[in-house]
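One letter stands for each residue in the lines below.
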Amino acid sequence: MQHSFAAKRHSVYRAFALLLTLVLIPAIQPASAAQSTVAGQVSGYATLHSVGIEIRIDGDNNHNARGTLAFRPAGNGAWQPALDLFRVDYTPDSPVKDITDHFNGFAGSIFFLDPGQRYELAVEISDPDGGNTRQTLSISTRPQPRKPTGGRRLHVRPGNGGGTGTAASPFLGIEEAQKHAHPGDTFLLHSGVYSGFDSGGEILLDTPGTSDSYIVWQAAQNASVVFDDPLRIAAGHLWIEGIHVRGHADVDNEYGLRTYNAPDDVVIKGNRFTDFYCKRPRIHTYFPHLTLCRLSPRIPRQRRKQWILPISPKARRSGSHTFRPGNNPA
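Residues numbered from 1 in each chain as written. Predicted model: local features only at pLDDT ≥ 70, side-chain atom pairs only at ≥ 80, totals over all residues. Heavy atoms only, no water.

Caption draft 1: Layout of the nonpolar core. Counting residues in each nonpolar core, the largest one holds 28 residues, and the members touching the most others are Phe187, Leu189, Phe227 and Ile240. Looking at this core element by element, the count peaks at three residues for strand β14 (residues 215-219). Those residues in contact with Phe227 that sit more than four places away from it in its chain are Ile174, Leu189, Tyr194, Ile203, Ile243, His244, Val245 and Arg246. Of all hydrophobic cores here, the second largest spans 20 residues; its members include Ala82, Tyr119, Leu121 and Ile125. (Core = buried A, V, L, I, M, F, W, Y, C linked by side-chain atoms within 4.5 Å. Buried < 20%, exposed > 50% of the residue type's maximum accessible area, 1.4 Å probe, protein only. Helix = DSSP H or I, 4+ residues; strand = E, 2+ residues; numbered from the N terminus. Contact = heavy atoms within 4.5 Å.)

Below is the structure:
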């Protein structure tokens, strides 16, 4: 009798244990899958002296995966370690240029590279929960930009139309000059104040050069060239040099320089941007549009300065970045 009762009780325990196992396994498996890492394809992009990489992943909900990056000149020498990749798990609070998707993955950069060189990159993702992977890719830094040679050299003075572009009969105004612009042209801007002419009152450059032949807008020798309205760049392969872009002291949050449609390969060299005021003491850049503001007049004079801004050739992603006083690019 006791043996029969014990056998029945043992059978009940076994059935209960089996039922508990069937209930718990579906709950445990998804959690384990969510914690392991499945890596996607690595993507990369480059500037003159740096490269950046991104790799999307699935899983790693507990954020214990690690990403490492190494590099070397293509086919040459030992691998050199770069900084570890940065773990990114982010969904925008609101759409940024219609980008709403969740980014789950890693990102990183390598700095102080040589221009115009090809490099091999090795990306490793390791996760104690499973999903270790290694990928390699090749990427070239951008070559050092060079002004065109052999193209036309045309002359420009402030004005509202007319002229032929010669030294004796310069184009009168940038709007007029741009009607005649072709890749390889160099426009020599002579002294004076140039005003905006597009619908927004900006100085709009929207005629592109080519990858091997910039259109150059630069101050003539010893000229004092002032843009009295914001500069807007809406074309690629342009070179802007030696210009003073001057804002208006009575206008708050005025643009100094904006890009439109993410133009590629724009050189901004040796220019000055002054008198663009923001309500808060910062320079704020928003890609692909670029906003440049000078420090607010409420900031002590010793902390104000002119901003000479090097702009990367192409904005690859939408987003924002803030340069704060003491960490500015000047």
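Caption draft 2: Structural detail: the pattern of salt bridges. This structure, assessed with the given rule, holds 11 salt bridges. Residue Asp228 pairs with Arg246 through a salt bridge whose shortest N-O separation is 3.3 Å. On the criterion of sequence distance, the pair formed by Asp228 in the loop between β15 (225-227) and β16 (231-233) and Arg246 in strand β18 (residues 244-246) is long-range, its members being 18 residues apart. Arg246 sits in the partly exposed class, given a relative accessible area of 28%. Among the ionic contacts, a cluster of salt bridges with common partners joins Glu202, Arg232 and Arg258. (Salt bridge = Lys/Arg side-chain N within 4 Å of Asp/Glu carboxyl O.)

Caption draft 3: Structural view of the layout of surface pockets. Each pocket or cavity is described by its volume, and for the second largest pocket that value is around 210 Å³. What lines the second largest pocket is a set of 16 residues, among which Gly159, Asn160, Gly173, Ser195 and Phe197 lie closest to the centre. Sorting the residues of the lining of the second largest pocket by element identifies α2 (174-178) and β12 (192-194) as the ones contributing at least two each. Tallying contributions element by element places α2 first for the lining of the second largest pocket, with three residues. A class-by-class count of the residues in the lining of the second largest pocket yields seven nonpolar, six polar and three charged. (1 Å grid on protein atoms, 1.4 Å probe; cavity = no way out; pocket = protein on both sides within 12 Å on 5 of 7 lines; lining within 4 Å. Points joined across faces, edges and corners; volume = space filled by probe spheres on them. Nonpolar A, V, L, I, M, F, W, Y, C, P; charged D, E, K, R; others polar.)

That's the geometry; what it means functionally is another story.
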